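# Per-entry structural report
Spelled out from the first residue to the last, the chains are:
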Amino acid sequence: QVQLVESGGGLVQAGGSLRLACAASGRTFSTYAVGWFRRAPGKERVFVAFISWNGGGTDYGDSVKGRFTVSRDNAKNTVDLQLNSLEPEDTAVYYCAADRFRSVKPGSWPYWGPGTQVTVSS
């Protein structure tokens, strides 16, 4: 019952920051866990970040720990991903995904957004 769309991508120089948003239709996004993933050119999709349905649990991929932060704003039906200290290796299409009532990261996701491009120049 949720449709997702990502926003906030763009072109930044190394060391810069971006804030991505995953927006959901309706007012029920608070019951969905959200994951962030990315696919770099010529590479497979990899896990970036996770936040539980109630916001009480988070997880991050090893390559982004300490640099990225995931949070949610239930009033706006969004989950945000703050990207700091960006590196050229972070260049990828970033996707958000959702699954209902998950407290830990699931193995699969039924809902996906179309993605937003993040490009980091050196």
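Look a little higher up for the structure.
Residues numbered from 1 in each chain as written. Predicted model: local features only at pLDDT ≥ 70, side-chain atom pairs only at ≥ 80, totals over all residues. Heavy atoms only, no water.

According to the stated counting rule, one finds seven aromatic pairs in the structure shown. For the ring pair F50 and W109, a centre distance of 6.2 Å and an interplane angle of 55° mean the geometry is tilted. Note that F50 is positioned in strand β5 (residues 46-51) and W109 in the loop between β9 (92-100) and β10 (111-112), a separation of 59 residues in sequence. Judged by relative accessible area, F50 falls into the buried class, the value being 3%. For W109, a relative accessible area of 11% gives the class buried. Each member of the aromatic cluster is reached from another via a ring pair, and the members are F37, F47, F50, W109 and W112. One residue, K105, lies across the ring of F47, its end atom 4.7 Å from the ring centre. (Phe/Tyr/Trp six-rings, centres within 6.5 Å; stacked < 30°, edge-to-face > 60°. Helix = DSSP H or I, 4+ residues; strand = E, 2+ residues; numbered from the N terminus. Buried < 20%, exposed > 50% of the residue type's maximum accessible area, 1.4 Å probe, protein only. Lys NZ or Arg CZ within 6 Å of the ring centre and 35° of its normal.)

Now for the state of the cysteines. Across all of its chains, the model carries one disulfide by this definition. Here C22 is linked by a disulfide to C96, with a sulfur-sulfur distance of 2.1 Å. Torsion about the S-S bond of the C22 and C96 cystine: about 70°, corresponding to right-handed handedness. One end of the pair, C22, is in strand β3 (residues 18-24); the other, C96, is in strand β9, and 74 residues separate them in sequence. Classification of C22 as buried rests on a relative accessible area of 0%. (Disulfide = S-S within 2.5 Å.)

Everything listed here is a matter of geometry and, on its own, says nothing about what the molecule does.
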